[in-house]
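# Coordinate inspection notes
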Amino acid sequence: MTTGGLGARLLPGLVWLLPGLPSPLLAALGVGLGRVLHTLAGSRRRIALRNLDAYAPNFVVFAKALGDQLKATGFTVKEHKPTLDKGISGAWLLAVVATQSIAVLSALLAAHVTQPGKLELNFLALSMWLWGGMLYIWMMSLIFYRYTFFPLSPGDLSPPYWINMGAMAISTLAGSLLIINVPDAPFLTSLLPFIKGFTIFYWATGTWWIPMLVILALWRHVYKRFPLKYDPLYWGAVFPLGMYAVSTHRMSEAMGFNFLGFLPPTFLYIALVAWAVVFFGLILDLVRRAGALRL
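This structure is a prediction, so every number in the text was calculated from the model and none was measured. (Residues numbered from 1 in each chain as written. Predicted model: local features only at pLDDT ≥ 70, side-chain atom pairs only at ≥ 80, totals over all residues. Heavy atoms only, no water.)

The next subject is the overall build of the protein chain. Along the protein chain, the regular secondary structure elements total 10 helices and zero strands. Helices (α) and strands (β) of the protein chain occur, in sequence order from the N terminus, as α-α-α-α-α-α-α-α-α-α. Element-wise, carbon and sulfur atoms account for 73% of the exposed surface of the protein chain, whose accessible area totals about 17800 Å². (Helix = DSSP H or I, 4+ residues; strand = E, 2+ residues; numbered from the N terminus. Areas by Shrake-Rupley, 256 points an atom, 1.4 Å probe, with all protein chains shown as cover.)

Position of Lys118 relative to the elements: it lies in helix H6 (residues 117-149). Polar side-chain contacts of Lys118 include one of 3.0 Å to the backbone oxygen of Ala110. In this structure, Lys118 is in contact with Ala110, Ala111, His112, Val113 and Asp184, ignoring residues within four places of it in sequence. (Polar contact = N/O pair within 3.5 Å; in protein donor to acceptor, adjacent residues only side chain to side chain. Contact = heavy atoms within 4.5 Å.)

We now examine the confidence of the model for the protein chain. The predicted model of the protein chain has a mean per-residue pLDDT of 77, with 72% of residues at 70 or higher. Counting interchain partners and residues more than four positions distant, the pLDDT-below-50 stretch residues 51-58 has 10 contacts. (pLDDT = per-residue confidence, 0-100.)

This next bit is on the packing of aromatic side chains. Tallied over the entire structure, the rule returns 16 aromatic pairs. On the basis of an interplanar angle of 45° and a centroid distance of 6.5 Å, the ring pair of Phe144 and Trp208 is categorised as tilted. Separated by 64 residues along the polypeptide, Phe144 in helix H6 and Trp208 in helix H8 (residues 192-223) bring together distant segments of the chain. Classification of Phe144 by relative accessible area gives partly exposed; the value is 38%. Both rings, one in Phe201 and one in Tyr202, keep their centres 5.8 Å apart while their planes meet at 45°; by these two values the pair is tilted. On the basis of relative accessible area, Tyr202 is assigned to the buried category, the value being 4%. Through a chain of ring-to-ring contacts, three or more aromatic side chains come together here, namely Trp129, Phe194, Phe198, Phe201 and Tyr202. (Phe/Tyr/Trp six-rings, centres within 6.5 Å; stacked < 30°, edge-to-face > 60°. Buried < 20%, exposed > 50% of the residue type's maximum accessible area, 1.4 Å probe, protein only.)

Glancing now at unusual backbone geometry. What is expected of a backbone is that most residues other than glycine have negative phi and most peptide bonds are trans. Positive phi is not limited to glycine here, since Arg225 has a value of about 55°. Note on placement: Arg225 falls in the loop between H8 and helix H9 (235-255). The exposure class of Arg225 is exposed, given its relative accessible area of 73%.

Spelled out as C-alpha cells, the structure:
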C-alpha cells in the first residue's frame, strides 16, 4: 500500500475519533494546529506579496478576462438553453461577487507592496470594480425581469436571492477601499467623485434590497407556509449580512459618514445570529443523517 493510500485510509479514522478525545487534549491540539497555521500563513503571506508585486496584476487580469470570455461564449452558443424563469436566479450574481472579491483583494494588497506595485494593484482593483458593476447591471436586469413578469412560487425563491444584496455590499466595500487608497494611486484622484458616487449608489441599492428580501422571506415561509428546514443554500444568505456590516463600516470610514455608525454592529449581530441558526440546522441535519445510517 502506498503512503498516499495509507493516509487516505487513516485520515477519516482520525477525524472520526476526534469527538471522543478528552476536552483538554482537543484544546491542546487546537492550539498547536493554530500556531502551525499562523506560522505557515505568515511565511506564505510574505512570499505571496513578493510574487504579487512582481507578476500577479497582469496575470490575474488576463486569467479573469479569459475565464469570463470563455464562459460567456460557451453559454451564448449553447444549443439547449433553459427558459428565463428556470435558468436565472440570484446564484448568477456569484460572478459579480467573484469579480469584486478580486477588487477587494487587490485594494487590500496594494497597501502592503511598494511602487509600482501599488499603482498596478489599484488599477486592477478599479478595473475589477467597474467590471463587477457592469455585470451586476446586466444580470440584475434579467433577475428583476424574471421577478416581475413570470410566476414566482415559494420554491423558486431560494436563499441565494440574498446575493442580490450581497453583491452590492461587496461592491461597496471595494469602492470604499479604492477611496482609502487614493493617496497611493494618483490616477484615482481625478476619479474620486465618480468612485464616491458609485460607492454610495451600490450601498443604497444593497440597502434597498434588505426590506424586500425580508418581506419575500415572510411571504415564502409564513404566508405560503413553505417548510423551513436546513438547506446548504442558506449559507448563501449569511454571507450578504456580514458583508453589509463590513462594507457599511468601510464606507463610513472612507467618507466620514459617522451617522451610519450604528449599522455595522447591528448587522454584525444579525449575521452572527443567522450564522448560528444555519450552523445549528447543519448539526441537526448531520445528526439526523447519522441516525438514518445506523438504521
